[in-house]
Every structure is written in structure tokens, then in C-alpha cells.
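Overview (structure and organization)
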Amino acid sequence: MAWDEWEQLKTAAVERQSTQMQLNRVPDEPGDGKTLSTNSQGDLKVDQQHLAKVGDQAFELYNRLWNEGRVAEKTTDSAGTDLANQGFDLGGALTQVSVKWMSSLSDLMDACAHISNHMDFTKNAHAGDEIFIEREMSSIAALESGFDERVGPPGKRNEVYGDEKKKDEK
């Protein structure tokens with residue numbers, strides 16, 4: 001094979017590759033979850049209102065499933081039993097569909113209840129954590145101000161504790 005022929009084959013292969021299907025899309029940006037990025041855009045923030053809203057929506061869905069998802073249960077079961085008693089194979093199949101429906105509905109309702117309960121727990125846990133952290137930080141700040149040389153010059157009385165003369169007069 002001659003060198004020129006080899007170059008022609010490579011050029012033809014490149015041309016065939018460029019005609020393949022390509023998907024149009026926006027290029028990945030740092031921090032979009034698709035690529036690893038060393039630049040952090042900030043911390044994960046949990047807003048109590050968002051947690052409450054997710055929990056409320058899960059609770060509402062649970063109630064709707066309870067009220068509207070079970071409507072056909074007794075009708076379908078009785079129709080299946082009636083058809084089976086008349087000798088129709090469809091009766092057994094209808095009863096089986098009803099059993100599968102109730103099983104799936106129960107699983108879905110359990111998942112909704114779990115989400116709702118977890119959001120309530122998370123909301124309460126984060127609120128407790130916030131109070132604990134706030135207390136710890138405020139006590140550290142008060143303690144630190146008593147030892148902080150920035151409050152007063154080294155070797156002098158710290159002004160945070162007030163004027164000594166005024167205390168003696170009281």
C-alpha cells in the first residue's frame with residue numbers, strides 16, 4: 001500500500017465520521033452535577049418551608065390515594081367473584097388484577113407516608129440543631145470576648161467588664 005493511498009483512506013474515514021449523527025446540547029458547566037468541579041458554588045441549604053411543602057404534598061397524595069384509589073376495590077372483587085361463579089375465566093383474572101392493584105396502592109401509600117413523616121422529622125431535627133448551634137456559638141462568643149485582647153490593650157482591664165470606679169460607687 002502506498003503512502004498516498006493510506007492518507008486518502010484516513011481522510012475518507014474522517015469525512016465519514018463527521019457525517020454521523022450528533023446530538024445538540026448545551027455544554028456541561030462546572031457545578032451542574034454532570035462534571036466534577038473544584039469550584040464550589042456554596043453549601044447545601046435546607047429551607048424549612050420547602051421541607052414542609054414536600055411533606056404536605058406527600059400527605060395530600062396519601063389522602064387522595066386512600067380516598068380515590070380504593071373506590072373500585074369492592075366493586076371489582078364482587079364482579080370478579082360473580083364472573084368466576086358463572087364459570088368465566090375472566091372472573092379469576094379480574095380478582096387477581098384487583099389484588100395486584102391493592103398491593104401496589106398499599107406500597108405507594110407507604111412511600112408517601114414515609115416521605116411525609118421523614119420531612120416532618122427532618123424539619124424538627126434541623127430546627128433543634130439550629131437552636132443548639134446558636135446557643136453554642138453565642139456562649140463561645142461571650143467567653144471569647146472576656147479573653148480577647150482586641151477588646152482592650154494587653155495588661156489593662158478589659159472594658160467588657162465595665163468601669164471599676166462605677167462598680168465601687170454602687
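This text gives an overview of the structure that appears in the document.

Definitions and limits used
Residues numbered from 1 in each chain as written. Predicted model: local features only at pLDDT ≥ 70, side-chain atom pairs only at ≥ 80, totals over all residues. Heavy atoms only, no water. Helix = DSSP H or I, 4+ residues; strand = E, 2+ residues; numbered from the N terminus. Expected span 1.5 Å × (residues − 1). Buried < 20%, exposed > 50% of the residue type's maximum accessible area, 1.4 Å probe, protein only. Arc of directions from axis to C-beta. Contact = heavy atoms within 4.5 Å.

**A few points about helix α2 (residues 48-68)**
Between the first and last C-alpha of α2 there are 30 Å, a value that for 21 residues agrees with the 30 Å anticipated at 1.5 Å per step. Among the residues making up α2, those that are buried are L51, G55, A58 and L65. The buried residues of α2 occupy an angular sector of 85° when the element is viewed end-on, so they sit on one face. Away from the buried face of α2 by more than 90 degrees, exposed residues Q49, H50, K53, R64 and N67 are located.

**Some thoughts on the environment of I115**
Looking at the element boundaries, I115 is found in helix α4 (residues 89-147). Separated by 57 residues in sequence, I115 and A58 have C-alpha atoms that sit 6.3 Å apart. Residue contacts for I115: discarding those within four places in its chain leaves V54 and A58.

In short, shape yes, function no, at least from these values alone.
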